[in-house]
Amino acid sequence: MASDKISPLFETKRAKGRVVYRVFAATLFVAICLILVYRWIYIPKQGEDGRWVWFGLLGADLWFGFYWLISLALRWQPVYRFPNKDRLNSRYQKKLPGVDIFVCTADPIIEPPIMVMNTVLSVMTYDYPSKKIGVYLSDDGGSILTFYALLQASEFARFWIPYSKKFNVGPRSPAAYFVSTSPHHQLHGSDEFFAIKKLYEEMEDKIETAMKLGRIPEEAALKHKGFSLWDSQNFSKRDHDTFLQILVDGEDPNAIEDIDGCPLPTLVYLAREKRPQYPHNFKAGAMNALIRVSSKISNGEIILNLDCDMYSNNSLSVQEALCFFMDEENGHDIAFVQFPQSFDNITKNDLYGGLIRIGAVEFCGLDGFGGPMYIGSGCFYRRDALCGRKFSRDCKFEWSRDDHHKRQQSLMELEEETKALANCTFEQNTQWGNEIGLRYGFPVEDVITGLSIQCRGWKSVYYAPEREAFLGVAPITLAQTLVQHKRWSEGHLQIVLSKYSPVWYGNGKISLGLQLGYCYYNLWAANCLPTLYYSIFPSLCLLKGISLFPQMSSLWFIPFAYVIIVSYTYSLTEFIWYGGTIQGWWNEQRIWLYKRSTSYLFGFIDTILKTDLDFVVTAKVADEEVFRRYKKEMMEFGESSPMFTILATLAMLNLVCFCGVVKKVVMNGNSIRYYYEIMACQIVICVSLVLINWPLYEGLFFRKDKGKLPGSLLMGIGLKEWYGFVLLILLLSPQEIYGIRFVIDREECFSHDVKYEGDTVHVSFVVVKTDSSWQYSEDGVDLVVKGPSGDQIHDFREKVSDKFEFMARQKGVHQFCFTNKSPYHETIDFDVHVGHFSYYDEHAKDEHFKPLLDQIWKLEEALYNIQFEQHWLEAQTDRQAIVNESMSRRALHKVLYESAALIGASVLQVYLLRRLFERKLGTSRV
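Residues numbered from 1 in each chain as written. Predicted model: local features only at pLDDT ≥ 70, side-chain atom pairs only at ≥ 80, totals over all residues. Heavy atoms only, no water.

> Can you help me understand the sheet that holds strand S7 (residues 302-307) in this one?
In a beta sheet, neighbouring strands pair by backbone hydrogen bonds and run either parallel or antiparallel. Spatially, 8 strands are ordered S5-S6-S4-S3-S7-S11-S9-S12 in an open sheet, and the strand pairing comes out mixed. Lying at the two open borders of the sheet, with one neighbouring strand each, are strand S5 (243-248) and strand S12 (459-462). Put simply, the sheet's adjacent strands are angled 20° from each other on average, direction ignored. Summarising the sheet, S5 and strand S6 (residues 266-271) pair through 5 bridges and their orientation is antiparallel. Looking across to S6, one finds that Phe243 is bridged to Ala271. Of the strands in this sheet, strand S3 (99-105), S7, strand S9 (334-338), strand S11 (379-382) and S12 are in contact with helix H11 (residues 317-325), which crosses S9 at around 150°. (Pairing = 2+ DSSP bridges. Helix = DSSP H or I, 4+ residues; strand = E, 2+ residues; numbered from the N terminus. Axes fitted to C-alpha atoms, helices over the stretch in contact; angles between N-to-C directions. Contact = heavy atoms within 4.5 Å.)

As structure tokens, this is what we get:
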């Protein structure tokens, strides 16, 4: 026992492999710096293709590099916590603090009361003294149905609590327990099991029946005085008085007991006052009202807050959290203990990319710098810290309440006195929402509250137990996921742009690593622009033949390949290490892209435009068909949304670019080498985007169920038909312009397949530049054109540029061979265009169609000739610009050399004259 008193209540271990990760990060940093150097050195010159796109990529790469540096804080020095509950119980069994548990709900339609009651029942059954537990339900919907459900749950709790503790069941949510209990379980089939299950089903049936009818039974309304609160004819969800009912008073010796004669935990229902003229501040306002109300009723030193869908999955979570608060050496400065957000409806491969990486990796990293952020649920708080107290070294905490203290007020008097604390006007001219309680004015009120507390000198702890402490309901549709992340990203961006930004508000108050950690999440939304840029322009330039990355033969290709391969290999390894799957990792990459392209974009725009703050409650229920598709891991679209319009447009843009490149490669076999060597990185980007968007293509073209993408997403246009038409036009286009720009050393040959005999082949080439620093060669190159049978069609010698056409005598592959006789590398722009009208052959005998088709063919041929001519003129312009630049440079060099020679001659002349006069002067003196 003596050794117990000096042993800590929790242990902290640093993660292994920190040095290896830091070395890895250092190599990645060098590679990123080389990429940025390449982007800066090789900026295209004025008039060259892709100059402005290159500037955009430079900006995107700078941002991604900067954001990656910030992200290092999340993995730099992670720590893991291990509480010791046995030591806690041996020391403080009779001196445990009171714990008040807050459950918040807002709408009985999207947050069903039966689900809320399962959460309430799960926390009422903690393996903790019942008299020291207070459970508070905040109903911002002010629904009589929710109150009725809570009354039914309080009756069922008399049976459920002793059953749970007697058989040590887990989880403690009745619904989750009955679903998880297999037929082979030792309790399954016992009288106790059937009895408690029957009682639960009766309670569930009463609640569900009331929900379907939209009213409570008349006999139930007569049994409890609390229902009279809803008798007012003026009641509405947004305009009503405070409803406060203490259903179970745990401190009253005559209060309701369970069937074993043990007291039940305190149970309180609160619907705070709502008035249209007063802001209610959403969840933060509800939490602050609960803090004040609970201080008058149970006043627990520790506060646990939960979302209404997040039931307790571990009956010992309270003791585990208390190990951190009550540790004699290291617990005095801990303000809150954050548990992970886990979900019981996640599919095997985590279809919508949940919070695995955040919970398993990133928050452990934040804990190494002073503690994680507060994420709004599954968090144990020290009441003093939440109520605005600053930390100081001489803080003294009295954990045990006076159990012998007896309340002098009656229950009715206590209710009436406490109601005033939840009125709209109570917070006026006070620090509530500013220095006390949860902060107002941000969609992520939890994050800003945690930051403020840490800036007052407190620390936090992240604890991820082996058995999940809480399990909730994750979104099961893509729309829900994107809307939820839109609110989060918007709230985080508002923080970093406000006076509470961790950059300046946290400066000197929290560690640099924790500041960077907050900035990583606060800057989520800012990633939208560079991500969209990379999703659009590399693919478009790939289609146009403009290279934006170094070719594979260049040494500059190495840092790009290293960053891509190593970073994604590390990401996959990390994901699998913490229990994920390869398919789950791929789903995470898809949702990462979708969030940045839509959620973060809309959050960014709303923040910049200062759109009015709104709080969207995520739906906790779904249609059975939707749920069935979710279990099969079929992505759910189903409804029109601007976010889906953006995603579908980006997906189709990359598909069109990919198909366009494939068409060029198929029709011009020699271009495979060009694309492979010159544009490998852009091919990787485009192909990856096409593959990652496969569920979108399924939703657009192949699926027939209600979860597919709607046929019309924007202004009544049939998106499926429109995208299909664009793709068809691209694939079936009878014309082809084949233009490349390449560097020739000695000889380079290209081939082009002419499909039909008699087609007109248009050819142009321009020697754009010669890699000579001191002279500009006018020798040009040789070009030999050969037909499919090897016969020579054209032979050009020492040409700098030319444009010609010929009629193909045979169909088949024609060869175009360039020869460079100069000692310097030369850059050549080469363009081939084959004129043929396929429909002319098909309808040649149709007298009605023939005149019209002839005109269409002529117009089409004229358009392609214009494009061909324009391309040739652009190449000539590029050449002339380079020639002018070279001449200007040579003229400048000539002027500099002549000036230097003139100065040198002048200096020499002065020197010689001086020597001459010195000699003459010496001779005259003698």
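After that view of the structure, there is still more to cover.
> Just checking my understanding: could you explain the nonpolar core for this structure?
Within soluble globular proteins, side chains that are nonpolar tend to cluster in buried spots. By size, the foremost hydrophobic cluster in this structure holds 73 residues, and its most contacted members are Tyr126, Trp160, Leu322, Val337, Phe380 and Phe470. The dominant element in this core, judged by the number of residues it contributes, is helix H6 (residues 144-167), at 12 residues. In contact with Phe380, not counting residues within four places along its chain, are Ile302, Ile303, Leu304, Ser317, Val318, Ala321, Phe325, Ala335, Phe336, Val337, Phe339 and Phe470. (Core = buried A, V, L, I, M, F, W, Y, C linked by side-chain atoms within 4.5 Å. Buried < 20%, exposed > 50% of the residue type's maximum accessible area, 1.4 Å probe, protein only.)

> So what exactly am I meant to see when it comes to the packing of helix H2 (residues 18-41) against helix H19 (residues 557-577) here?
The relative placement of two packed helices comes down to the angle between their axes together with the axis-to-axis distance. One can describe the packing of H2 onto H19 by two numbers: an axis separation of 9 Å at closest approach and a directional angle of 145°. In terms of crossing hand, the pair formed by H2 and H19 is left-handed. Touching Tyr21, Phe24, Thr27, Leu28, Ala31, Ile32, Leu34, Ile35, Tyr38 and Arg39 of H2 are Pro559, Phe560, Tyr562, Val563, Val566 and Tyr570, all from H19. Partitioned by chemical class, the residues of the contact of H2 with H19 number 14 nonpolar, 1 polar and 1 charged. (Left-handed = near helix turned anticlockwise from the far one by under 90°. Nonpolar A, V, L, I, M, F, W, Y, C, P; charged D, E, K, R; others polar.)

> How do you make sense of the sheet that holds strand S22 (residues 812-819) when you look at a structure like this?
Strand order in the open sheet made by the 4 strands is S17-S22-S19-S20, with antiparallel pairing throughout. Of all strands in the sheet, those with a lone pairing partner are strand S17 (747-754) and strand S20 (792-799), marking the two edges. Shown here is a sheet whose adjacent strand axes are inclined to one another by a mean of 15°, direction ignored. As defined by bridge partners, S17 adjoins S22 across 8 bridges and the pair is classed as antiparallel.

> What is the right way to look at the packing of H19 against helix H20 (residues 582-608) in this model?
It is the contact of H19 with H20, at a shortest axis distance of 9 Å, that shows an interaxial angle of 120°. With respect to H20, the axis of H19 lies oblique. Of the two elements, H19 crosses H20, and the hand of that crossing is right-handed. Facing Tyr568, Ser571, Leu572, Phe575 and Ile576 of H19, the residues of H20 in contact are Ile582, Gly584, Trp585, Glu588 and Gln589. Tallied by class, the residues present in the contact of H19 with H20 amount to 6 nonpolar, 3 polar and 1 charged. (Parallel < 35°, antiparallel > 145°, perpendicular 65-115°, else oblique.)

> Sorry if this is basic, but what is going on with the pattern of salt bridges here?
Pairing between side chains of opposite charge can happen when the charged atoms of each approach one another. This model, assessed by the stated rule, comprises 31 salt bridges. One salt bridge connects Arg272 with Asp140, and the closest N-O pair in it is separated by 2.8 Å. With Arg272 in the loop between S6 and helix H10 (282-297) and Asp140 in the loop between strand S4 (133-139) and H6, this residue pair connects regions lying 132 residues apart in the sequence. Judged by its relative accessible area of 7%, Arg272 is buried. Connected via shared salt-bridge partners are Glu625, Arg629, Glu636, Arg703 and Asp705. (Salt bridge = Lys/Arg side-chain N within 4 Å of Asp/Glu carboxyl O.)

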